[in-house]
Amino acid sequence: MVWRRQLEHLLEVAQLRNVMFQVMPAETDAHPGVEGKIEVLKFGDGTAVGRSDGAFNGRPTSDPKQLRVLELRLGVIRAQALTPGESCAFIEQLLGEK
């Protein structure tokens with residue numbers, strides 16, 4: 001029941017305008033996210049900061065070149081993942097099986 005509620009919550013969050021929800025297929029062996037999470041925060045004044053468990057020793061960075069590396073890695077992840085619509089359909093299918 002807890003698992004089902006978590007999936008339902010994911011679907012709710014996926015409907016928010018400021019959220020892009022994508023599921024990475026389990027059969028995707030290699031992608032930049034396997035080394036850990038990647039975070040990039042962009043601020044209204046044009047500055048940004050990012051970090052990744054698998055890059056730059058996990059330390060936060062505001063170096064534009066390093067931020068570009070993180071953004072490129074996020075782009076690869078997005079390209080390999082299911083689209084937002086496919087991702088929601090996948091979760092809905094899981095909920096239908098339970």
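Right above here is the structure, for reference.
Residues numbered from 1 in each chain as written. Predicted model: local features only at pLDDT ≥ 70, side-chain atom pairs only at ≥ 80, totals over all residues. Heavy atoms only, no water.

## Some thoughts on the overall build of the protein
The line we're drawing: The secondary structure listing takes helices from DSSP runs of H or I that are at least 4 residues long and strands from runs of E that are at least 2 residues long, numbered from the N terminus. Only protein chains enter the accessibility calculation, which uses a 1.4 Å probe; a residue whose area is less than 20% of its type maximum is buried, one above 50% is exposed, and one in between is partly exposed. Residues are treated as being in contact if the distance between any of their heavy atoms lies within 4.5 Å. The Shrake-Rupley method, run with a 1.4 Å probe, gives the accessible areas here. Residue values count only the displayed protein chains as cover. When charges are counted, neither His nor the chain ends are considered; positive counts come from Lys and Arg and negative counts from Asp and Glu. Where a charge lies is defined by one atom per residue type: Lys uses NZ, Arg uses CZ, Asp uses CG and Glu uses CD.
Looking only at helices and strands, one finds three helices and two strands in the protein. Along its sequence from the N terminus, the protein presents helices and strands in the succession α-β-β-α-α. Principal-axis analysis of the C-alpha atoms places the extent of the protein at approximately 45 × 30 × 25 Å. Per-residue burial for the protein yields a buried fraction of 23% across its 98 residues. For the protein, the proportion of contacts with a sequence separation of at least 24, taken over those separated by at least 6, is 53%. As displayed, the protein offers around 7,000 Å² of accessible surface, 55% of which is attributable to carbon and sulfur atoms. If the 12 positive side-chain charges of the protein are averaged to one point and the 13 negative ones to another, these points end up 6 Å apart.

## Remarks on the pattern of salt bridges
As a reminder, the rule being used: The term salt bridge refers to a side-chain nitrogen of Lys or Arg lying within 4 Å of a carboxyl oxygen of Asp or Glu.
Counted according to the given criterion, the structure contains six salt bridges. A salt bridge links Lys42 to Glu71; its shortest N-O distance comes to 3.0 Å. Residue Lys42 is located in strand 1 (residues 38–42), and its partner Glu71 is located in helix 2 (residues 64–80); the two are separated by 29 residues in the primary sequence. Between Asp53 and Arg51 there is a salt bridge whose closest N-O contact spans 2.8 Å. Given a relative accessible area of 39%, Asp53 falls into the partly exposed group. One continuous salt-bridge network, built from bridges that share partners, spans Arg4, Arg5, Glu8 and Glu12.

## Description of the layout of surface pockets
Quick note on the threshold: Grid points spaced at 1 Å over the protein atoms alone were grouped into cavities, where a 1.4 Å probe fits but cannot get out, and pockets, open sets with protein on both sides within 12 Å along at least five of seven lines, with lining residues defined by an atom within 4 Å of a point. Grid points are joined across faces, edges and corners, and a volume is the space filled by probe spheres set on the points. Side-chain classes are defined by residue name, with Ala, Val, Leu, Ile, Met, Phe, Trp, Tyr, Cys and Pro counting as nonpolar, Asp, Glu, Lys and Arg as charged, and the others, Gly among them, as polar.
The computed volume of the largest pocket comes to approximately 220 Å³. Around the largest pocket sit Asn18, Val19, Met20, Gln22, Val23, Met24, Leu74, Ile77, Arg78 and Ala81, which together line it. Each residue belonging to the lining of the largest pocket can be placed in one class, and the counts come to seven nonpolar, two polar and one charged.

## Let's talk about the pairing of strand 1
Threshold: In this description, strands pair whenever DSSP reports at least two bridges between them.
Summarising the sheet, strand 1 and strand 2 (residues 48–52) pair through five bridges and their orientation is antiparallel. Bridging from a neighbouring strand, Ile38 pairs with Ser52 of strand 2. Here strand 1 folds back onto strand 2 in antiparallel fashion, the turn holding five residues, of which Gly46 has a positive phi close to 95 degrees.

## A look at the environment of Arg4
Structurally, the position occupied by Arg4 is in helix 1 (residues 2–14). For Arg4, a relative accessible area of 27% corresponds to the partly exposed category. The spatial distance from the C-alpha of Arg4 to the C-alpha of Ile91 is 9.8 Å, given a sequence separation of 87 residues.

## A look at helix 2
Structurally, the α-helix is built with 3.6 residues per turn, so residues lying three or four positions apart point the same way. Test applied: A helix is expected to span 1.5 Å multiplied by its residue count minus one. Here the arc refers to the set of directions running from the helix axis out to each C-beta atom. Between N or O atoms, a polar contact is any pair within 3.5 Å; within protein, one atom must be a potential hydrogen donor and the other a potential acceptor, and residues adjacent in sequence are included only when both atoms are from side chains.
Counted at 1.5 Å a residue, the expected span for helix 2 with its 17 residues is 24 Å, and the 24 Å between its end C-alpha atoms agrees. By the burial criterion, the buried members of helix 2 are Leu67, Leu70 and Leu74. Seen end-on, helix 2 carries its buried residues on one side only, within an arc spanning 60 degrees. Facing away from the buried surface of helix 2 by more than 90 degrees, the exposed residues are Lys65 and Ala79. As for helix 2, its buried residues are in contact with strand 1 and strand 2. N-capping of helix 2 is provided by Asp63, with a side-chain oxygen placed 3.0 Å from the backbone N of Lys65.

Any link to function would need more than the numbers given here.
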